[in-house]
Amino acid sequence: MNGATTTMSVRRIGELGRIVTGKTPTSTNPALLGSEYPFITPTDMADHSRIDVTERFLSEEGYRKQRSLVLPPDAVCFTCIGATIGKMCLTTRPSFTNQQINSVVVDTAKHDARFVYYLLKTHVGRIKSIAAGAATPIVNKTSFSNVEVLVPPLSTQHRIASILSAYDDLIENNTRRIAILEEMARLLYREWFVHYRFPGHEGVPMVDSSLGPIPEGWEVKTVNDLLAIRAGYSFRSEIFDEQGEYRLVAIKNVQDGQFINECSSSILSPPENMPDYCHLTTGDILLSLTGNIGRVCLVYGCNYLLNQRVAKLVPHHEGNRVYV
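The shown structure was predicted, so the numbers you read here are calculated from the model rather than taken from an experiment.

K.L.:
Help me understand the layout of surface pockets, please; the structure alone is not making it clear to me.
P.N.:
Taking a probe equal in size to a water molecule and rolling it over the atoms shows the remaining empty space. Of the pockets and cavities examined, the second largest pocket occupies roughly 800 Å³. Taken together, the elements giving at least two residues each to the lining of the second largest pocket come down to helix H5 (154-193) and strand E20 (296-298). By residue number, the principal contributor to the lining of the second largest pocket is H5, which donates 8 residues. Split by residue class, the lining of the second largest pocket holds 12 nonpolar, 2 polar and 5 charged.

Below is the structure:
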């Protein structure tokens, strides 16, 4: 950097800090659970780097029982068991994890914790590849600790971490803003279409209906009166092609109000018998049909095809699209 030579050294992950494997507290003692210390599981890990909100927390008693496993702020958590191998996060306060997670309590005298987080992110594929076990792949503590990585001097680590974390901070701030706006939209919808307190509602009389009192001029109809539900196509796995131009939108791509544009499968061209509606484009409305049933999102982008277990909601009248 600036013409100077940056000396890289080979280090094992275990040399970057202390490796801690989490543990789930016994369910026979509910007093171990509380609201003080985040208890992190792979389910809690999302796309953002830092985590402070978890489904479960430990109490002070839980802290005392697992004192040796407490993680300080800026510990790097790495999921090492099952289909979620490679999910990562940084702690923001004293925390605990379950046994699916190996964490690096970084030696900050020699390494930047944020740099270690980004470094391990680049090695997720390598670490996954050493997982043992056919039914449930596992990267045990020893194997995880012995993975070798290239590490620059501490000053370079600080600079890299500073640049990358600035982008992460921006992403997380925007994610929070989006969540707030989505909640405002839900509240507005509920106010107008559930409680009927829409603009000018004071001058609209209520009339009886099969669903109870509704504003005069409104109608009770079925979902089918408003839209058509078009289920996705069952693509055969033998036509999948990593180099394919067309990406297959599956159940995992449909989140609550969010379209995930990274697809696991793609194909070179659509099958001849695939319905035309399975071609997706920006603005199409998707609904999850299995698993987390009822998730809805809008598509953005092109060259997507609708896979099975996901439905496309097609309004009978284009003017109703936003309402749908």
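Having seen it, we continue.
K.L.:
Please clarify how the side chain of Arg295 should be interpreted in this entry.
P.N.:
Among the secondary structure elements, Arg295 is positioned in the loop between strand E19 (285-288) and E20. There is a polar contact of 2.7 Å between the side chain of Arg295 and the side chain of Gln255. For Arg295, the residues in contact, after removing those within four places along its chain, are Val254, Gln255, Asp256, Leu286, Leu287 and Ser288.

K.L.:
Looking at this model, I keep getting lost on a nonpolar patch on the surface. Mind explaining?
P.N.:
Judged by side-chain polarity, Met8, Val10 and Leu150 come together as a nonpolar surface patch covering roughly 270 Å² of accessible area. Here Val10 is to be found in strand E1 (residues 9-12).

K.L.:
Can you walk me through the state of the cysteines in this structure?
P.N.:
Covalent bonding between the sulfur atoms of two cysteines defines a disulfide. Under the definition given, this model contains 0 disulfides. In this structure Cys278 is not part of a disulfide, and its nearest cysteine sulfur, from Cys263, lies 14 Å away. Owing to a relative accessible area of 0%, Cys278 belongs among the buried residues under this scheme. Looking at Cys297, it has no disulfide partner, and the nearest cysteine sulfur is the one in Cys263, 11 Å off. The class of Cys297 is buried, set by a relative accessible area of 3%.

K.L.:
So what exactly am I meant to see when it comes to the confidence of the model for the protein here?
P.N.:
For residues with low pLDDT, the predicted coordinates do not support detailed interpretation. Of the residues in the protein, 97% have a pLDDT of 70 or more, and the chain-wide mean is 91. Element-level mean pLDDT values for the protein span from 84 in strand E4 (residues 50-51) up to 97 in strand E2 (residues 17-21).

K.L.:
Got a minute to help me understand the nonpolar core in this structure?
P.N.:
Grouped burial of nonpolar side chains is what soluble globular proteins tend to show. Of all hydrophobic cores here, the largest spans 26 residues; its most connected members are Ile13, Val76, Phe78, Val104, Leu120 and Phe144. If you list the elements that add at least two residues to this core, you get strand E6 (76-79), strand E7 (88-91), strand E9 (101-106), helix H2 (113-121), helix H3 (124-129) and strand E10 (148-151). Counting residues in each nonpolar core, the second largest holds 19 residues, with Ile267, Met274, Cys297 and Leu306 among its members.

K.L.:
Please explain the pattern of salt bridges as it appears in this structure.
P.N.:
Opposite charge on two side chains allows them to pair when their charged atoms are near. This model, assessed by the stated rule, comprises 9 salt bridges. Between Asp112 and Arg114 there is a salt bridge whose closest N-O contact spans 3.7 Å. For Asp112, a relative accessible area of 7% puts it in the buried group.

K.L.:
Would you mind going over the side chain of Gln66 with me for this structure?
P.N.:
With respect to the helices and strands, the residue Gln66 is situated in the loop between helix H1 (60-65) and E6. A polar side-chain atom of Gln66 sits 3.4 Å from the main-chain carbonyl oxygen of Lys23. Every residue in contact with Gln66, bar those within four places of it in the chain, is listed here: Lys23, Thr24, Pro25, Leu58 and Phe96.

K.L.:
Please clarify how the sheet that holds E6 should be interpreted in this entry.
P.N.:
What holds strands together in a sheet is hydrogen bonding between their backbones, with the strands either parallel or antiparallel. Strand order in the open sheet formed by 5 strands is E2-E9-E6-E7-E4, with mixed pairing between adjacent strands. Sheet topology places E2 and E4 at the edges, where each strand pairs with a single neighbour. Inspection of the sheet shows E6 paired to E7 by 3 bridges, in the antiparallel sense. From the neighbouring strand, Val76 faces E7, where its bridge partner is Leu90. In the packing of H2 onto the sheet, contacts are made with E4, E6, E7 and E9, and the angle to E7 comes to roughly 175 degrees.

K.L.:
Help me understand the packing of aromatic side chains, please; the structure alone is not making it clear to me.
P.N.:
Two measures describe an aromatic ring pair: the distance that separates the ring centres and the angle between the ring planes. Summed over all chains, the structure comprises 14 aromatic pairs. On the basis of an interplanar angle of 90 degrees and a centroid distance of 5.3 Å, the ring pair of Tyr196 and Trp218 is categorised as edge-to-face. Within this pair, whereas Tyr196 is found in the loop between H5 and strand E11 (206-207), its partner Trp218 is found in the loop between strand E12 (214-215) and helix H6 (223-226), the two being separated by 22 residues in sequence. With relative accessibility at 32%, the residue Trp218 sits in the partly exposed group. Aromatic ring contacts, followed pair by pair, group Tyr189, Trp192, Phe193, Tyr196, Phe198, Trp218 and Tyr323 into a single cluster.

K.L.:
Honestly, the sheet that holds strand E14 (residues 246-249) in this entry has me stumped. Any pointers?
P.N.:
Taken together, 4 strands build an open sheet; the order of strands is E17-E14-E21-E18 and the sheet is mixed. Either end of the sheet is taken by a strand with one partner, and the two such strands are strand E17 (266-267) and strand E18 (279-280). Pairing between E18 and strand E21 (residues 304-306): 2 bridges, direction antiparallel. Across the sheet, residue Leu280 finds its bridge partner in E21, namely Tyr304.

K.L.:
Looking at this structure, how should I read the packing of H2 against H5?
P.N.:
Two quantities define a packed helix pair, namely the angle between the axes and the distance from one axis to the other. Between H2 and H5, the least distance of the axes is 8 Å, while the angle of their chain directions is 75 degrees. With respect to their mutual orientation, H2 and H5 come out roughly perpendicular. Mapping the contact onto sequence places Arg114, Phe115, Tyr117 and Tyr118 in H2 and Gln157, His158, Ile160, Ala161, Ser162, Leu164, Ser165 and Asp168 in H5. Of the residues contributing to the contact of H2 with H5, the split by class is 6 nonpolar, 4 polar and 2 charged.

Cut-offs and rules
Residues numbered from 1 in each chain as written. Predicted model: local features only at pLDDT ≥ 70, side-chain atom pairs only at ≥ 80, totals over all residues. Heavy atoms only, no water. 1 Å grid on protein atoms, 1.4 Å probe; cavity = no way out; pocket = protein on both sides within 12 Å on 5 of 7 lines; lining within 4 Å. Points joined across faces, edges and corners; volume = space filled by probe spheres on them. Helix = DSSP H or I, 4+ residues; strand = E, 2+ residues; numbered from the N terminus. Nonpolar A, V, L, I, M, F, W, Y, C, P; charged D, E, K, R; others polar. Polar contact = N/O pair within 3.5 Å; in protein donor to acceptor, adjacent residues only side chain to side chain. Contact = heavy atoms within 4.5 Å. Patch = residues over 30% accessible without salt bridge, like charges linked within 9 Å, V, L, I, M, F, W, Y side chains within 5 Å. Areas by Shrake-Rupley, 256 points an atom, 1.4 Å probe, with all protein chains shown as cover. Salt bridge = Lys/Arg side-chain N within 4 Å of Asp/Glu carboxyl O. Disulfide = S-S within 2.5 Å. Buried < 20%, exposed > 50% of the residue type's maximum accessible area, 1.4 Å probe, protein only. pLDDT = per-residue confidence, 0-100. Core = buried A, V, L, I, M, F, W, Y, C linked by side-chain atoms within 4.5 Å. Pairing = 2+ DSSP bridges. Axes fitted to C-alpha atoms, helices over the stretch in contact; angles between N-to-C directions. Phe/Tyr/Trp six-rings, centres within 6.5 Å; stacked < 30°, edge-to-face > 60°. Parallel < 35°, antiparallel > 145°, perpendicular 65-115°, else oblique.

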